[in-house]
Every structure is written in structure tokens, then in C-alpha cells.
Amino acid sequence: MKILILDKVHPILIDGLRKANHEVDYLPEITFEETEKVIQIYNGLIVRSKFRINEDLMKKAFNLKFVARAGVGLDIFDLKYAKQNNIKVINAGGANANAVAEHALGLLLGLSSNIIKSNKEVKDFVWKREENRASELRGKTIGLIGYGNTGKAFAEKLKKFDCKILAYDKFKSNFSDLFVS
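Conventions adopted
As a convention, each chain's residues are numbered from 1 in the sequence order in which they are written. Whole-chain, interface and lining totals are the exception, using all residues; otherwise, since this is a predicted model, local features are given only for residues with pLDDT of at least 70 and side-chain atom pairs are given and counted only at 80 or more. Remark: hydrogens and water are excluded; side-chain values derive from all non-hydrogen atoms of the structure. Burial here depends on accessible area, computed with a 1.4 Å probe over protein chains only, as a share of the maximum for the residue type. Under 20% is buried, over 50% is exposed, and the range in between is partly exposed. Secondary structure elements follow DSSP: runs of H or I no shorter than four residues count as helices, runs of E no shorter than two count as strands, and numbering proceeds from the N terminus. Two strands qualify as a pair provided DSSP detects at least 2 bridges between them. For crossovers, right-handed means that the path from the first strand over the helix to the second runs clockwise, given strands pointing away from the viewer. Should any heavy atoms of two residues lie within 4.5 Å, those residues are considered in contact. A fitted line through C-alpha atoms represents every axis, and for helices the fit uses only the stretch in contact; the resulting angles, taken between N-to-C directions, go from 0 to 180 degrees. What a helix is expected to span follows from its residue count: subtract one and scale by 1.5 Å. The salt bridge definition used is simple: a Lys or Arg side-chain nitrogen within 4 Å of an Asp or Glu carboxyl oxygen.

J.: What am I meant to see in the pairing of strand S6 (residues 141–145) here?
T.: Residue alternation in S6 divides its side chains into a buried set, Ile142 and Leu144, and an unburied set, Thr141, Gly143 and Ile145. In this structure, S6 lies alongside strand S7 (residues 164–168), joined through five bridges in parallel fashion. Counterpart to isoleucine 142 in the pairing with S7 is isoleucine 165. Following the chain from S6 across helix H7 (residues 149–159) to the adjacent parallel S7, one finds a crossover that is right-handed.

J.: When you look at the environment of lysine 117 in this model, what are you seeing that I'm missing?
T.: By the secondary structure assignment, lysine 117 is in helix H6 (residues 115–123). Its relative accessible area of 40% is what places lysine 117 among the partly exposed residues. As for lysine 117 and asparagine 132, which are separated by 15 residues in sequence, their C-alpha atoms are 7.8 Å apart. Those residues in contact with lysine 117 that sit more than four places away from it in its chain are Glu131 and Asn132.

J.: How should I be thinking about the sheet that holds strand S4 (residues 66–69) in this particular structure?
T.: Each strand in a sheet pairs with another by means of backbone hydrogen bonds, the pair being arranged parallel or else antiparallel. Reading across the sheet, the five strands line up as S2-S1-S3-S4-S5 and stay open at both edges, with parallel pairing between neighbours. A single partner strand is all that each edge strand has here, and the edge strands are strand S2 (23–26) and strand S5 (88–91). In this sheet, neighbouring strand axes are inclined to one another by 15 degrees on average, regardless of whether the strands run parallel or antiparallel. Two strands pair when backbone bridges link them, and strand S3 (residues 44–47) and S4 are joined in this way by four bridges, in the parallel orientation. Directly across from isoleucine 46, in S4, lies its bridge partner alanine 68.

J.: What's the story with helix H5 (residues 97–112) in this structure? I'm lost.
T.: An α-helical segment advances 3.6 residues per turn. Residues three or four places apart therefore align on the same side. In this model, H5 (16 residues) spans 22 Å end to end at C-alpha, consistent with the 22 Å of a helix rising 1.5 Å per residue. By the burial criterion, the buried members of H5 are Ala97, Ala101, Leu105, Gly110 and Ser112. On its buried face, H5 sits against H6 and H7. One or two positions beyond H5, positive phi appears at asparagine 114, with a value near 55 degrees.

J.: Would you mind showing me how to read the pattern of salt bridges here?
T.: Pairing of side chains with opposite charge becomes possible as their charged atoms draw close. Evaluated as defined, the whole model comprises ten salt bridges. Ionic pairing is found between arginine 133 and glutamate 130, a salt bridge with its closest N-O pair at 2.6 Å. On the accessibility criterion, arginine 133 (45% relative accessible area) is partly exposed. The class of glutamate 130 is exposed, set by a relative accessible area of 53%. A network of salt bridges, in which partner residues are shared, links Lys2, Glu23 and Asp25.

Purely spatial values, then, with no claim about function.
Given below as C-alpha cells:
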């Protein structure tokens, strides 16, 4: 399989593809216009977020079997066109879910504990103990919009704080059994 990599990626990806006997062209400096001129010779296309892989580009890639994102979202691909033309769409779903969940938890803890406000006040030699009293997460109900890889990782962290978790996901259903309230 002949694969074009459009973005900077870790060498382990390139080495792994070559060890699997794929022919890899690593062209992280290629422009959209240059890609349009050569895309017809490739079976696979790997991108991070350099540009959108839209219907017009995929139409020019008449040998295309897959498009892959070395990242999480699929928003850079024309999913409808890919599905209609049996082009497999791949991403690294969940790759940064834990990191984002930890960051979200840190932000939530910062908000509930007035950390940023208190820090600024203390630097200004102001101490408002009662006004900056923390609100514990234990027993709180937390609502999540989206229960994909990141939402699930965040929910798992919140469970450890004895939070009740409500979640909505427009793509999923029947996942309420995963929550401990």
C-alpha cells in the first residue's frame, strides 16, 4: 500500500508502516495544492490537522482506501463522502483522553476551590477566608455533554470524588449503567 503522510508525525509511525511493507512518502511540508496533484497515486492518507480532507480532494484520490488522522477528531474529513465511497476513516480516538480529563478535573477543582481568585488576592496581601471557602466535589452532580473517550475518562475520575454523574451524548444511548451515583 502506498501511503502519504501530510503532517509531522513521530518517526515510530513511519517506521511501523514501513516494517509492515507499506511504501511511505513523508511530506510534512507539502501544500494542499501539491497534494491535489499527487493524491491519485496513494492508497492511504495520514494527516494531523494541516488541512481538511474534503470531497474534492478525495475525488482526486481514486485509489484511496483509507484516510487517517494522527489525532482524535474526525472533523477534518468529509465522512459522508468517505462512507459512500468505501474509504475507511481512522483516528487515534482516546489518545489524549486521559490528559484532557485530568486537565478538566484540574479546572473543575480550581473553580470549586476558588484557587485562581484566592491566589491573586493573597499576592495582593488580601485574605478573604469566608468568601473563598471551597466547595467540595463530593456529593455534587456533574453534567457531561459528550461521553466519548474523553467524557468517559473524566467521568471515571469524578467517580473517585463520589460525584453523581449525568451525561448526554448525541451519538450514544443506554450507557447509564456505567455510572455510580
